[in-house]
Amino acid sequence: MFMKMRLPIGMAKDFTFFQSSYNMKVEEVYVNANNGIATPAGVTVGVPKATVDSLYGDGSYWKGSYMYWTTAGKVIEITYGRNSDGVTVVKSIRVRYQG
């Protein structure tokens, strides 16, 4: 049986991880605030899209987000928006550790 549970971490702002109740391994991490949590290449919420593209390539647009794949097989889903200066920046990040 496989079930995902949403377990919020009280010490970090706007940070959630998804854990399998079957094997208790963290399978996904979601963040939507710049709180120091980053992708394996160091991308955090608020980083310009141009920086992400230089690190991960163009990505694939899918259902409102861009999907990126690391060499280690992690799937990174990033949603973008515009900041107060009109620059397209990261608004949320979801890293999937298992397929």
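Because the structure is predicted, anything quoted here is derived from the model rather than measured. (Residues numbered from 1 in each chain as written. Predicted model: local features only at pLDDT ≥ 70, side-chain atom pairs only at ≥ 80, totals over all residues. Heavy atoms only, no water.)

When pLDDT is averaged across the protein chain, the result is 81; 73% of the residues are at 70 or more. Looking at the elements of the protein chain, mean pLDDT is at its lowest for strand 1 (residues 4-8), recorded as 47, and at its highest for strand 6 (residues 75-82), recorded as 95. Below a pLDDT of 50 lies the segment residues 1-11, which in the model reaches 22 contacts outside its immediate sequence neighbourhood of four places, other chains included. (pLDDT = per-residue confidence, 0-100. Helix = DSSP H or I, 4+ residues; strand = E, 2+ residues; numbered from the N terminus. Contact = heavy atoms within 4.5 Å.)

Turning next to the pairing of strand 5 (residues 65-69). Sheet topology places strand 4 (residues 60-62) next to strand 5; 3 bridges connect them, and they run antiparallel. When the bridges of strand 5 are listed, W62 appears paired with S65. Taking the residues that link successive antiparallel strands as the turn, the strand 4-strand 5 hairpin has 2 residues, and the phi of K63 there is positive, at about 50°. Relative to strand 6, strand 5 runs antiparallel, the two sharing 4 bridges. By the bridge assignment for strand 6, W69 is matched with V75. In this antiparallel pair of consecutive strands, strand 5 and strand 6, the connection spans 5 residues, and G73 shows a positive phi of 90°. (Pairing = 2+ DSSP bridges.)

Moving on, we come to the nonpolar core. Here is a general trend for soluble globular proteins: nonpolar side chains tend to be buried in one another's company. Core analysis: the biggest nonpolar cluster contains 13 residues, and V43, V52, Y68, I76, I78, V90 and I93 have the highest contact counts within it. When residues of this core are traced back to their parent elements, those giving at least two are helix 1 (49-56), strand 6 and strand 7 (88-96). Look past the residues within four positions of I78 in its chain and what remains in contact with it is V43, V52, S65, Y66, Y68, V90, S92 and I93. (Core = buried A, V, L, I, M, F, W, Y, C linked by side-chain atoms within 4.5 Å. Buried < 20%, exposed > 50% of the residue type's maximum accessible area, 1.4 Å probe, protein only.)

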